[in-house]
Amino acid sequence: PWPWPLPLNKWAGDEATIDGIRASLWEGNMIRILGAVQQEIAEIVYQDLLEVDQWEFDAAATPTGQHSRRILKCLSWGSGGCPQVLGHFHRFMASQLQFWSKLAGLPLMSWSPLDLSSAAATLYRQGDFMSPHTDLEQGCGLSVIWSLALGWRPEQGGALWWMRHSGAELFAPAFNTMYMFKP
């Protein structure tokens, strides 16, 4: 069984760190938190995701971007249609809405696990990709990516490119690393 709730590391309880993250988000920066969740929990989640057999191939080309990936999604929230590990993640995010609102400096109104375009885990295998896109069209106040990439090497691809008017910045996938930004 997966532990509940998902325990964030010490950064989440430090007011000065939260204030710094909020200020940096409002300056338009990407935030990267190494060791975002307790290591033991991150390892359990990683192993659970590896064992799930409900990954579906998902490819699309839209006016705002293209992707090819594997996706794990909740087909029906609150029932057996949601893989256990993904359900726990979404319950955690919804239960901590006040924390995420404080972190973002925005009154976040909901965590929407029924939005299948975002309420998912994604798995990228060789040849998979996501083209440049914006999360702004999703109506998000805060985008959160929890990376569980273990043993990543640059030749594998899959880096997160943060595009800004001043240029692009590469964020390499890293195990138990949380990336956050305001769309």
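In the block above lies the structure referred to throughout.
Residues numbered from 1 in each chain as written. Predicted model: local features only at pLDDT ≥ 70, side-chain atom pairs only at ≥ 80, totals over all residues. Heavy atoms only, no water.

**A closer look at the overall build of the protein**
- When its secondary structure is counted, the protein shows 4 helices and 9 strands.
- Across the protein, helices and strands are ordered from the amino to the carboxyl terminus as α-β-α-β-β-α-α-β-β-β-β-β-β.
- Counting only contacts in the protein whose residues sit at least 6 apart along the sequence, the fraction spanning at least 24 positions is 70%.
- Counting only carbon and sulfur atoms, one obtains 54% of the accessible surface of the protein, whose full area is about 10500 Å². (Helix = DSSP H or I, 4+ residues; strand = E, 2+ residues; numbered from the N terminus. Contact = heavy atoms within 4.5 Å. Areas by Shrake-Rupley, 256 points an atom, 1.4 Å probe, with all protein chains shown as cover.)

**Considering the packing of helix H1 (residues 15-26) against helix H4 (residues 97-104)**
- Where H1 contacts H4, the axes come no closer than 7 Å and their chain directions differ by 60 degrees. With respect to their mutual orientation, H1 and H4 come out oblique. The residues of H4 that touch H1, namely those facing Glu15, Ile18, Ile21, Arg22, Leu25 and Trp26, are Phe99, Lys102, Leu103 and Ala104. (Axes fitted to C-alpha atoms, helices over the stretch in contact; angles between N-to-C directions. Parallel < 35°, antiparallel > 145°, perpendicular 65-115°, else oblique.)

**Quick look at the environment of Gly65**
- With respect to the helices and strands, Gly65 occurs in strand S3 (residues 65-73).
- Between the C-alpha atom of Gly65 and that of Ser131, which follows or precedes it by 66 residues, the distance is 5.6 Å.
- Not counting chain neighbours up to four residues away, the residues in contact with Gly65 comprise Ala60, Ser131 and Pro132.

**Examining a nonpolar patch on the surface**
- A contiguous nonpolar surface patch, about 350 Å² in accessible area, is contributed by Trp161, Met163 and Leu170.
- Classification of Leu170 by relative accessible area gives partly exposed; the value is 42%. (Patch = residues over 30% accessible without salt bridge, like charges linked within 9 Å, V, L, I, M, F, W, Y side chains within 5 Å. Salt bridge = Lys/Arg side-chain N within 4 Å of Asp/Glu carboxyl O. Buried < 20%, exposed > 50% of the residue type's maximum accessible area, 1.4 Å probe, protein only.)

**Some words on the sheet that holds strand S6 (residues 143-148)**
- Taken in spatial order, the 3 strands make up an open sheet running S1-S9-S6, and their pairing is antiparallel. Because the sheet does not close on itself, it has two edges, and the strands there are strand S1 (31-34) and S6. Adjacent strand axes in the sheet meet at a mean angle of 20 degrees, parallel and antiparallel pairs treated alike.
- Docked against the sheet, H1 engages S1 and strand S9 (175-181), running at close to 145 degrees with respect to S1. (Pairing = 2+ DSSP bridges.)

**What about H1?**
- Spanning 12 residues, H1 covers 17 Å between terminal C-alpha atoms, matching the ideal 16 Å at 1.5 Å per step.
- Turning to H1, its buried residues are Ile18, Ile21, Ser24 and Leu25. Taken down its axis, H1 places every buried residue within 130 degrees of arc, on the same side.
- Where H1 is buried, its residues contact S1, H4 and S9.
- Phi for Gly28, located one or two positions after H1, is positive at around 90 degrees. (Expected span 1.5 Å × (residues − 1). Arc of directions from axis to C-beta.)

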